[in-house]
Amino acid sequence: MTAESLSDLGLRLLAPARFTAQSLADILDRSGLVITCGPGGVGKTTTAAALGIAAANRGRKVLVITVDPARRLADALGIKDGGKSYEPHRVRGIGENGGSFSAVMLDAEATFDRMIIERTDDPAKSARILSNRVYRSIAGSLAGAQDYMAIERLHQLHSSNRYDLLVVDTPPSRDAIDLLEAPDRLVRFLGHPIYRALTMSQRSFARVTNAGTSAFLWIVRKLAGPALVEDTVEFFRSLAGIEDGMRQRASEVAALFRQTDTALVMVSSPRAEAVSESAFLANAVVERGLCLRAIVVNMIHPLPPELDGLDEVVAGSLADHVDFHRQLRELALSERHEMIALTTIAGDAMTVIEIPLLEVDVHDLDQLTNIAVRLITLGSS
Amino acid sequence: MGLYALGVNEAWMTRARVLVVAGKGGVGSSTVAAALSLAMARRGADVLLISVDGRPGLGPLLGGEPLDDRDQLLKKVGRKGRIRGRTIPPRQAFADYLDMKGIGGVLRRTAAAASLDTIAASTPGLEHLLVLGKIKELVREGAADVIVVDTPPAGHAAAFLRSATALQEIVSSGPVRTQADEVAAMLGDRTQCQATLVTLPEETPVSEVIELAYDIEHHVGITLTPLIVNGCWPERSGLAVSPRIAARDADIKLTASQLRALDVSARFGRSRQRLTATQLERLARELPLPIITLPRLTTARVGPLELAELADALVDERSSMAS
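Residues numbered from 1 in each chain as written. Chains lettered and ligands numbered in written order. Predicted model: local features only at pLDDT ≥ 70, side-chain atom pairs only at ≥ 80, totals over all residues.

S.K.: Describe the overall build of chain B, and please don't skip the residues or the numbers.
M.R.: When its secondary structure is counted, chain B shows 12 helices and 10 strands. Looking at the 323 residues of chain B, the share that counts as buried comes to 50%. A separation of at least 24 residues holds for 72% of the contacts in chain B among residues at least 6 apart in sequence. (Helix = DSSP H or I, 4+ residues; strand = E, 2+ residues; numbered from the N terminus. Buried ≥ 20, exposed ≤ 12 C-beta atoms within 10 Å, placed from the backbone. Contact = placed C-beta atoms within 7 Å.)

Here is the structure:
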């Protein structure tokens, strides 16, 4: 790997290191919040769950918050049904030395609904918001709303003080940055002049007088029809009573992300594409003042020892063995070459933990516990 | 395995004007989109590859510069075939759209301008719809024989394709509604548009692709092409025999270190072959789609050579499995 290709990965920004690497056990013992991030398809959710189990077995009261677990993993954690599992679910049989392990799936829509109900004093008013068309679509599918509600829920769970450690699993790559930026973005949005004008006390669209806001609504009306404008105005206005609280909580979570006992753990794989996405992400999180503490590299193919001779074998079962050995070794070496970039990013500041490609997909607690043990053992340097 | 049957006729690739390629993160759907573009160009097609999420690296992979929002010639193939590439940033699609609807100039320079991004970002599916709308325009202009669309990764492929029908539910009039109607019609028309799903022969990716297939077929009504299973280790029946016995059969005496090396690869190879066979059988059982398998590359970094290898495999009848 040349200096040039390293700077392509944006590594300059990461130097000099701000901390020295801690073992993974130390990170899990000392953090109050661990956030996993990384590209898609690298086993992020599985790793988050295994980190939680590892910490629970070290005596901590752990809650793992996941976004979109694969079905069988969700089953193993007992959080299959989104509706029923709004509250954290305690997983029995995990946790030693006084530790415990719970899991919860983040349900943005339910969180939003509850926030409206709890923070609105008048039931008729909250019913009106909940049936608002703009609200329904925002709560259900708006990309940003998912992140805002993650913040809201994280705040609730963190301030409940029921857990020593929260492990938060984020959606893939660029979205992970979205999630980490969500508190700041929400604060900005709630302070936006258009938003403020919309939530002032005018009774209807016709009386919105702020020029920028009129233009905004004019565009919405031109693009999507007048009915949507009324709904939009009503929706923003209905938020008026609860926005101060949202803003407050978003600021608190923004501060929480930057606390020194908050650790980011990057999960990646040795594919070139995943490595470059990880480099991009590492840069972005460090730039934002967050502490990236460890890199877990999953799905590494085993490197068989070199094979001397046997070049002349061209047929029969042995030829299959020799060919397969050559291909596997080629792939495994190529992966190790790509991983140099990840160890360079880590430098002296982060622990790098290399987990071999597993023979089976992980979907029960024994397998997760097994990975938890490996993480701690391999992350002890 | 050994389920190889009649080759899937490769004409499926160019059957519609738009070929949407989708898969969860990490399964290699962008690479497959590039390989499909190459395979089509080899058949003489004029291909436009669009990376919705803006993966600039697809440009160099096909022999050109990194992709940006301008149309760029990446590669000429044979006498007629060529591949061009570009991205469609949602922000640009939105600006184009506003221009088209006559919302420009003064209004765009008011305080509302700053909010336009907010409108686009905070209306569910609007950004996706605008990108699809732009693709629809490109189809209408006859921009290429086939437009290959590399969809956003992770869980967003379904959201991307469902954006039109989702917006039809909340917007009842105005240009956004018209746009949603037209895009939904394009996606549902098999002569206009089809979708290729990509997965890996592993349990979770297989479960997810089955879910994705039913989801988009049901909600979007899009026609699905053969399914592409990426990263399949080639079948090697010899691995079933232990290296020691294989050597004895070949009258070769292995040294201890040779035996150790082959034992490590054989153990891994057998378990991967079992997993691959199980998952391919599961796909054949649970999804009524023909399957095309692509070989596992022996490098962690896909370059032009590997891409050519994948494009070969896409049209190789040995890659096809009966459904």
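So that's the structure; there's more coming.
S.K.: Requested: an account of the overall build of chain A, with residues and values cited.
M.R.: The secondary structure content of chain A amounts to 16 helices and 8 strands. Counting across all 381 residues of chain A, residues that qualify as buried make up 48%. Sequence separation of at least 24 residues holds for 80% of the intrachain contacts in chain A that already meet a minimum separation of 6.

S.K.: Give a detailed account of the packing of helix α5 (residues 108-119) of chain A against helix α6 (residues 123-131) of chain A, specifying residues and quantitative values.
M.R.: Residues and elements named next belong to chain A. Put simply, α5 and α6 touch, their axes get as near as 8 Å, and they point 155° apart. Compared by their axis directions, α5 and α6 come out roughly antiparallel. Here α5 and α6 pass one another in a crossing that is right-handed. Here Asp113, Ile116 and Ile117 of α5 come into contact with α6, specifically with Ser126, Ile129 and Leu130. (Axes fitted to C-alpha atoms, helices over the stretch in contact; angles between N-to-C directions. Parallel < 35°, antiparallel > 145°, perpendicular 65-115°, else oblique. Left-handed = near helix turned anticlockwise from the far one by under 90°.)

S.K.: With reference to specific residues and values, describe the packing of helix α3 (residues 44-56) of chain A against helix α16 (residues 365-378) of chain A.
M.R.: Residue and element names in this part refer to chain A. At a closest axis distance of 8 Å, the pairing of α3 and α16 adopts a crossing angle of 75°. Taken together, the axes of α3 and α16 are roughly perpendicular relative to one another. Touching Ala49, Ala50, Leu51, Ile53 and Ala54 of α3 are Leu368, Thr369, Ile371, Ala372, Leu375 and Ile376, all from α16. Across the contact of α3 with α16, the residue classes break down as 10 nonpolar, 1 polar and no charged. (Nonpolar A, V, L, I, M, F, W, Y, C, P; charged D, E, K, R; others polar.)

S.K.: Summarise unusual backbone geometry; cite the residues concerned and give the values.
M.R.: Residue and element names in this part refer to chain A. The phi angle at asparagine 97 is positive, at roughly 55°, despite the residue not being glycine. In this structure, asparagine 97 sits in the loop between β3 (89-90) and β4 (100-105). Residues other than glycine seldom take positive phi values, yet leucine 310 does so here, at roughly 65°. Locating leucine 310 in the fold gives a position in the loop between β7 (292-300) and α15 (316-346). Classification of leucine 310 as buried rests on a count of 20 C-beta atoms within 10 Å.

S.K.: I'd love a proper account of the interface of chain B and chain A, names of residues and values included.
M.R.: Residue-level contacts link 56 residues of chain B with 59 residues of chain A. Of all elements in the fold, only α5 (112-122), α7 (156-170), α8 (174-188), α9 (203-220), α10 (243-249) and α11 (256-286) of chain B reach the threshold of two or more residues within the side of chain B that touches chain A. Here the side of chain B that touches chain A takes 11 residues from α11(B), the largest share from any one element. Classifying every residue of the side of chain B that touches chain A gives 28 nonpolar, 21 polar and 7 charged.

S.K.: Give a description of the environment of Val77(B) that names residues and reports values.
M.R.: Tracing the backbone shows Val77(B) in strand β3 (residues 72-77). The residues touching Val77(B), leaving out its near neighbours within four places in the chain, are Ala41(B), Arg42(B), Arg82(B) and Ile83(B).

S.K.: Can you break down the sheet that holds strand β8 (residues 351-356) of chain A residue by residue, with the values?
M.R.: Residues and elements named next belong to chain A. An order of β3-β4-β2-β5-β1-β6-β7-β8 is seen for the 8 strands of this open sheet, with the pairing classed as mixed. Each of the sheet's edge strands pairs with one partner strand only, and the pair in question is β3 and β8. Of the pairings in the sheet, the one linking strand β2 (residues 61-66) to strand β5 (residues 165-169) comprises 4 bridges and is parallel in character. Bridge assignment links leucine 63 to a residue of β5, and that residue is leucine 166. (Pairing = 2+ DSSP bridges.)

S.K.: An account of the confidence of the model for chain B is needed here, citing residue identities and associated values.
M.R.: The predicted structure's coordinates, where accompanied by low pLDDT, should not be read in detail. Residues and elements named next belong to chain B. The share of residues in chain B with pLDDT of 70 or more is 89%, and the mean pLDDT across the chain is 87. Below a pLDDT of 50 lies the segment residues 1-7, which in the model reaches 12 contacts outside its immediate sequence neighbourhood of four places, other chains included. The ipTM for the predicted assembly is 0.90, set against a pTM of 0.89. (pLDDT = per-residue confidence, 0-100.)

S.K.: Can you lay out the nonpolar core for me, pointing to particular residues and giving the numbers?
M.R.: Judged by nonpolar contacts, the single largest core of 192 residues is most densely connected at Leu36(B) and Val148(B). In this structure Val148(B) touches Leu19(B), Val21(B), Ala33(B), Leu36(B), Ser37(B), Val47(B), Leu49(B) and Ile50(B), once residues within four positions along its chain are discounted. Core analysis: the second largest hydrophobic core is formed by 17 residues, Leu307(A), Phe324(A), Leu239(B) and Ala261(B) among them. (Core = buried A, V, L, I, M, F, W, Y, C linked by C-beta atoms within 7 Å.)

S.K.: Can you break down the environment of Gly52(A) residue by residue, with the values?
M.R.: Residues and elements named next belong to chain A. Along the chain, glycine 52 falls in helix α3. Classification of glycine 52 by C-beta neighbours within 10 Å gives buried; the count is 32. If near-sequence neighbours (up to four positions away) are discounted, glycine 52 is found in contact with Val62, Val64, Phe101 and Val167.

S.K.: I'd like to hear about helix α13 (residues 243-257) of chain A, residue by residue, with values.
M.R.: Residue and element names in this part refer to chain A. Over its 15 residues, α13 runs 21 Å from end to end, which matches the ideal 21 Å to within 8%, given 1.5 Å per residue. Met246, Arg249, Ala250, Val253 and Phe257 are the residues of α13 that are buried. Considered in projection along α13, the buried side chains sweep an arc of 105° and stay on one side of the axis. In α13, those exposed residues whose orientation departs by more than 90 degrees from the buried face are Asp244, Gln248 and Ala255. (Expected span 1.5 Å × (residues − 1). Arc of directions from axis to C-beta.)

S.K.: Break down the environment of Gly38(A) for me, citing the residues and quoting the values.
M.R.: All names here are of chain A. Looking at where glycine 38 falls in the secondary structure, it is placed in the loop between β1 (33-37) and α3. Its 29 C-beta neighbours within 10 Å are what place glycine 38 among the buried residues. Considering only alpha carbons, one finds glycine 38 and valine 265, 227 residues apart in sequence, at a separation of 8.5 Å.

S.K.: Describe the pairing of strand β1 (residues 18-22) of chain B, and please don't skip the residues or the numbers.
M.R.: Residue and element names in this part refer to chain B. Judged by how many residues are buried, β1 sits mostly within the fold: 5 of 5 residues are covered. The side-chain alternation of β1 yields two buried faces, one formed by Val18, Val20 and Ala22 and the other by Leu19 and Val21. Relative to strand β5 (residues 146-150), β1 runs parallel, the two sharing 4 bridges. Bridging across to β5, leucine 19 finds its partner in valine 148.

S.K.: Would you mind going over the confidence of the model for chain A in detail, with residue names and values included?
M.R.: Averaged over chain A, the pLDDT score is 82; the fraction of residues at 70 or greater is 82%. Counting interchain partners and residues more than four positions distant, the pLDDT-below-50 stretch residues 1-17 of chain A has 26 contacts.

S.K.: Residues and numbers for the pairing of β7(A), please.
M.R.: All names here are of chain A. When you tally the buried positions in β7, you get 7 out of 9 residues, the bulk of the element. Summarising the sheet, strand β6 (residues 262-268) and β7 pair through 5 bridges and their orientation is parallel. What sits directly across from leucine 264, in β7, is leucine 292. With respect to chirality, the unit in which β7 leads through α15 into the neighbouring parallel β8 is right-handed. (Right-handed = clockwise from strand over helix to strand, strands pointing away.)

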